[in-house]
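These are the residues of each chain, in order.
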Number of protein chains: 2
Amino acid sequence: MIATDASGMRTVKYGEVADWVLELEVVLADGSVTTVGSKAAKSSSGYNLLELIVGSEGTLGIVTRATLELAGRPEQIRGGRAVFPTLDDATAAVSDAVTAGVDVAKIELFDAETAMLANEYSDADLPERPMVFVEFHANHGIDEEIDFCRGVFEVHDVEAFEMAEGDRMDELWRARKDITYAAEAYDPECEMGQPGDVTVPIGSYPEMIRAVKDVADEHDLFVPCFGHAGDGNLHYFVLRDSDDPDEVARAKAAYGELVERALELGGTATGEHGIGAGKRAYLEPEHGGAAVGAMRAIKDALDPNGTLNPGTVVPDE
Amino acid sequence: MIATDASGMRTVKYGEVADWVLELEVVLADGSVTTVGSKAAKSSSGYNLLELIVGSEGTLGIVTRATLELAGRPEQIRGGRAVFPTLDDATAAVSDAVTAGVDVAKIELFDAETAMLANEYSDADLPERPMVFVEFHANHGIDEEIDFCRGVFEVHDVEAFEMAEGDRMDELWRARKDITYAAEAYDPECEMGQPGDVTVPIGSYPEMIRAVKDVADEHDLFVPCFGHAGDGNLHYFVLRDSDDPDEVARAKAAYGELVERALELGGTATGEHGIGAGKRAYLEPEHGGAAVGAMRAIKDALDPNGTLNPGTVVPDE
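Residues numbered from 1 in each chain as written. Chains lettered and ligands numbered in written order. Predicted model: local features only at pLDDT ≥ 70, side-chain atom pairs only at ≥ 80, totals over all residues. Heavy atoms only, no water.

Student: What exactly am I supposed to notice about the overall build of chain A here?
Tutor: Counting secondary structure elements, chain A contains eleven helices and eleven strands. Its C-alpha atoms give chain A a radius of gyration of 21 Å, near enough to 20 Å, the size a compact globule of 317 residues would have. Judged by the C-alpha coordinates and their principal axes, chain A covers about 60 × 55 × 30 Å. For chain A, with 317 residues in total, the buried portion stands at 56%. Considering only residue pairs separated by 6 or more positions, chain A has 73% of its internal contacts joining residues 24 or more positions apart. Counting only carbon and sulfur atoms, one obtains 47% of the accessible surface of chain A, whose full area is about 12,900 Å². In chain A, which carries 25 positive and 61 negative side-chain charges, the distance between the mean positions of the two groups comes to 4 Å. (Helix = DSSP H or I, 4+ residues; strand = E, 2+ residues; numbered from the N terminus. Rg over C-alpha atoms; globule rule 2.2 N^0.38 Å. Buried < 20%, exposed > 50% of the residue type's maximum accessible area, 1.4 Å probe, protein only. Contact = heavy atoms within 4.5 Å. Areas by Shrake-Rupley, 256 points an atom, 1.4 Å probe, with all protein chains shown as cover. Lys, Arg positive; Asp, Glu negative; His and termini not counted. Charge placed at Lys NZ, Arg CZ, Asp CG, Glu CD.)

Student: Looking at this structure, how should I read the interface of chain A and chain B?
Tutor: Bring the parts together and some accessible area is lost; that lost area is often taken as the interface size. Between chain A and chain B, the contact holds 64 residues from the first and 64 residues from the second. Carbon and sulfur atoms supply 59% of the area buried between chain A and chain B, which totals about 4,700 Å² over both sides. Of all residues in chain A, A:Lys42, A:Ser44 and A:Tyr47 give up the largest surface area on contact with chain B, accounting jointly for 21% of the area buried on that side. Our count for the contact surface shared by chain A and chain B stands at four salt bridges. At the junction of chain A with chain B, the criterion picks out 30 residue pairs in polar contact (both at pLDDT 80 or more). (Buried area = accessible area lost by both parts, 1.4 Å probe. Salt bridge = Lys/Arg side-chain N within 4 Å of Asp/Glu carboxyl O. Polar contact = N/O pair within 3.5 Å; in protein donor to acceptor, adjacent residues only side chain to side chain.)

Student: Even after reading the chapter, I still don't get the sheet that holds strand E1 (residues 21-27) of chain A, so can you show me in this structure?
Tutor: Working definition: the strands of a sheet are paired by backbone hydrogen bonds and lie parallel or antiparallel to each other. Residues and elements named next belong to chain A. With antiparallel pairing, the three strands of this open sheet are ordered in space as E2-E1-E3. A single partner strand is all that each edge strand has here, and the edge strands are strand E2 (33-37) and strand E3 (62-68). Each adjacent strand pair in this sheet contributes to an overall mean axis angle of 20°, direction not counted. Here E1 runs beside E3; their pairing, made up of six bridges, is antiparallel. Following the sheet pairing, Glu23 is matched in E3 by Thr67. (Pairing = 2+ DSSP bridges. Axes fitted to C-alpha atoms, helices over the stretch in contact; angles between N-to-C directions.)

Student: How should I be thinking about the side chain of B:Ser44 in this particular structure?
Tutor: Along the chain, the position of B:Ser44 falls in the loop between strand E2 (33-37) and helix H2 (49-53). Judged by its relative accessible area of 3%, B:Ser44 falls in the buried class. Ignoring anything within four residues of it in the chain, the contact list for B:Ser44 reads A:Thr4, A:Asp5, A:Glu57, A:Thr270, A:Gly271, A:Glu272, A:His273, A:Gly274 and A:Ile275.

Student: What should I look at first to understand the packing of aromatic side chains in this one?
Tutor: Think of a pair of aromatic rings as described by two things: how far the centres are apart, and how the planes are tilted against each other in angle. Across all of its chains, the model carries 17 aromatic pairs over all chains by this definition. Centroid distance A:Phe226 to A:Phe237: 5.4 Å. Interplanar angle 45°. Geometry classified as tilted. Linking A:Phe226 in strand E9 (residues 225-227) with A:Phe237 in the loop between strand E10 (235-236) and strand E11 (240-241), this pair joins segments that are eleven residues apart in sequence. When the ring of B:Phe133 is compared with that of B:Trp173, the centres are 5.4 Å apart and the planes differ by 50°; the resulting orientation is tilted. Of the two residues, B:Phe133 sits in strand E6 (residues 131-138) while B:Trp173 sits in helix H6 (residues 166-177), which places them 40 residues apart along the sequence. We note that B:Phe133, like B:Trp173, is buried. (Phe/Tyr/Trp six-rings, centres within 6.5 Å; stacked < 30°, edge-to-face > 60°.)

Student: Looking at this structure, how should I read the pairing of E1(A)?
Tutor: As a general feature of sheets, a regular strand has side chains that alternate between the two faces. Residues and elements named next belong to chain A. Taken across its seven residues, E1 has five buried, putting it largely inside the fold. In terms of strand pairing, E1 meets E2 through five bridges, oriented antiparallel. Bridge assignment links Glu23 to a residue of E2, and that residue is Gly37. Between E1 and E2, which follow one another and run antiparallel, lie five residues, and Gly31 among them has a positive phi close to 90°.

Student: What is the right way to look at the relation of the copies chain A and chain B in this model?
Tutor: The operation relating the pair of chain copies consists of a rotation about an axis and a translation along that axis. If you rotate chain A by 180° and push it 0.0 Å along the axis, it lands on chain B with an RMSD of 0.0 Å. Look at the turn and shift together and you get a two-fold axis relating the two. Here 100% of the contact residues of chain A are again contact residues in chain B; the copies associate through an equivalent surface. (Least-squares fit on C-alpha atoms with pLDDT ≥ 70 in both.)

Student: Even after reading the chapter, I still don't get the pattern of salt bridges, so can you show me in this structure?
Tutor: Pairing is possible between side chains of opposite charge, provided their charged atoms come close. Taken as a whole and assessed by the stated rule, the structure comprises 49 salt bridges over all chains. Between B:Arg176 and B:Glu108 there is a salt bridge; the shortest N-O distance is 2.8 Å. Taken together, the positions of B:Arg176 in helix H6 and B:Glu108 in strand E5 (residues 106-110) put the pair 68 residues apart, joining distant regions of the chain. Each of the two residues, B:Arg176 as well as B:Glu108, counts as buried. Notably, a salt bridge pairs B:Glu113 with B:Lys213, separated by 3.4 Å at the nearest N-O pair. Note that B:Glu113 is positioned in helix H4 (residues 112-121) and B:Lys213 in helix H8 (residues 205-218), a separation of 100 residues in sequence. When its relative accessible area of 28% is taken as the criterion, B:Glu113 is described as partly exposed. Residue classification places B:Lys213 among the buried positions, given a relative accessible area of 18%. A single network of salt bridges, built from pairs that share partners, joins A:Lys42, B:Asp231 and B:Glu272.

Student: Hey, could you run me through the packing of helix H3 (residues 87-100) of chain B against helix H5 (residues 142-155) of chain B in this one?
Tutor: Axis angle and axis distance: for two packed helices, these are the angle between their axes and the distance between the axes, and together they describe the pair. All names here are of chain B. Relative to each other, H3 and H5 sit at 140°, their axes nearing to 9 Å. Here H5 runs oblique to H3, going by the angle between their axes. Where H3 crosses over H5, the two elements pack in a sense that is right-handed. Of H5, the residues touching H3 (which contributes Ala93, Asp96, Ala97 and Ala100) are Phe148, Val152 and Phe153. Considering only residue class, the contact of H3 with H5 consists of six nonpolar, no polar and one charged. (Parallel < 35°, antiparallel > 145°, perpendicular 65-115°, else oblique. Left-handed = near helix turned anticlockwise from the far one by under 90°. Nonpolar A, V, L, I, M, F, W, Y, C, P; charged D, E, K, R; others polar.)

Student: Sorry, what's going on with the pairing of strand E4 (residues 76-83) of chain A here?
Tutor: Residues and elements named next belong to chain A. Across the eight residues that make up E4, a large majority, six, are buried. Pairing geometry for E4 and strand E6 (residues 131-138), over eight bridges, is antiparallel. The partner of Arg81 across the bridge, within E6, is Phe133. Alignment of E4 against strand E7 (residues 160-164), held across five bridges, turns out to be antiparallel. Paired with Ala82 across the two strands is Phe161, which belongs to E7.

Student: It is not clear to me how the sheet that holds strand E9 (residues 225-227) of chain B should be interpreted in this structure. Could you clarify?
Tutor: All names here are of chain B. Spatially, the six strands line up as an open sheet ordered E7-E4-E6-E5-E9-E10, and their pairing is antiparallel. Where the open sheet ends on each side, the last strands, each with one partner, are strand E7 (160-164) and strand E10 (235-236). Seen against the sheet, H3 touches E5 and E6 and runs at an angle of roughly 165° to E5.

Student: Even after reading the chapter, I still don't get the nonpolar core, so can you show me in this structure?
Tutor: Where a protein is soluble and globular, its nonpolar side chains tend to be buried together. Judged by nonpolar contacts, the single largest core of 52 residues is most densely connected at A:Leu24, A:Ile298, B:Leu24 and B:Ile298. Elements with a minimum of two residues in this core: E1, helix H2 (49-53) and helix H11 (289-302) of chain A together with strand E1 (21-27), H2 and helix H11 (289-302) of chain B. The contacts of A:Leu24, once residues within four sequence positions are left out, are A:Ile2, A:Thr34, A:Thr35, A:Val36, A:Leu50, A:Ile53, A:Val54, A:Val63, A:Arg65 and A:Ala66. (Core = buried A, V, L, I, M, F, W, Y, C linked by side-chain atoms within 4.5 Å.)

Student: Please explain unusual backbone geometry as it appears in this structure.
Tutor: A negative phi angle is the norm for most residues apart from glycine, just as the trans form is the norm for most peptide bonds. All names here are of chain A. At Asp220, a residue that is not glycine, the phi angle is positive and equals roughly 55°. The topology assignment puts Asp220 in the loop between helix H8 (205-218) and E9. Exposure remark for Asp220: the relative accessible area of 61% places this residue in the exposed category.

Have a look at this one:
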């Protein structure tokens, strides 16, 4: 999680992994062991090596110890699901809720196709409509926050809005938690391919989701789409038959087009999974030649022999 | 503010400048212009050049445009002052409030000497006792949060706890806002010297404040101390007569001893003001030779001719 600066469902409220890392012990390429960051809550001392190591996927140093901040458990936890007539209503509701400052701890989108997948997998019995899962954390006043959220959702014609706590909340959320298994189980002939991880400014989220649907239609592909909507992060699987070279090629083209669209909207190729080996081709389109040149200069300076996780993150010259 | 990753009174709730910077346009040493970061709320794409540029004090590139996140204005703002019998009570109250999760927007400490300075400067009429200024921001439920804070402060024998809004709140806070002017005006014979900016883990804040008082006594110096207590950041002025070489020497020694103490406690030499030219000697004691070596390698890689803000941040080899 430190290596990719991972994030997830709670990021909309609590931030990314980097926001919780205070100090790291790191083995550098020359074998020296150093500490980056400090145990203080903030620092303006020297270059931010801490944030450089976090998310560098083991290419600049190896993390051998980490000091993390902790947060208390909230006194109140409540959550549930909201169903919308159209996907545009659902994405606009999420975008408005986040920009209006509704204090959600999680806010997740399902398109109708994803709801259908979930129903196939279990007895979730979801309406096969676009929906938004939300969860709230507070020490007091959770009802006011839920009412604020409901008010924003009502502007976007929300059809059902059920919030609960405890077991009933878990039940309402179960389909979201199972979605990766549901997608894997859906069609034994199909594989999921590389999962999409683009992230766009929250105001462009509705447009990005429409782009996924348009690109899927254009290439005649089945692309269920869901994700950490509150961050502008979306995930999609291009379900494809690996024995069908034409479908594999169309899936690959669709994947690339969606990354391009996200970059046009001011976003990023990867919100939380990292570049690894598979997304190196997108680094320069996203950051430009000068920035990738700076990344390469840093890599060469800190790992001159290229021994640390070679073949990942920074593309070869 | 971007160059030093500045912070301040509201950091305890809202974070540092880096937490609000999404994207920067930067001119690199070779004259190329690049964009680092993106407009998305999060990213795991490549090395975090954004956080490397923020706080690099113009030594790695020149920022020519910035895209920042915005937050809404809170619906409720309330604040005031709490007075404590001893400095230990005041610092323990701050440390406990923050670690217990009291949602303060500002929480600032004055020692009795600082209260005295403030009284000399204006008709603030403060009790010359240790005190804590607090401010709360919320959209609802601000009374519950203030009660939570009062409860924690009562454990530490708080003697007075007055909260208000609007003009009365501003009045209660005025001495804190004037403190730099008050210190400058206090004794026309004295100068303030380099202001202390150490930051320690919040659990060590009481110990760090005691160290300031002990070091001041040891060197027979007048060192009023105050600061952004909620982050573990403290400021202190060593008031000294510039024409008295012995006092200047003692002030310098005291400054260095306090940085050493902060580093022993796991903290940093500078919480928000940066290294600049004046604190370069503390970079290696804080980060160690290997980390400073990595910083120097990055500097050499991105600015091989040393044209960007020379003589600052990274010490000469």
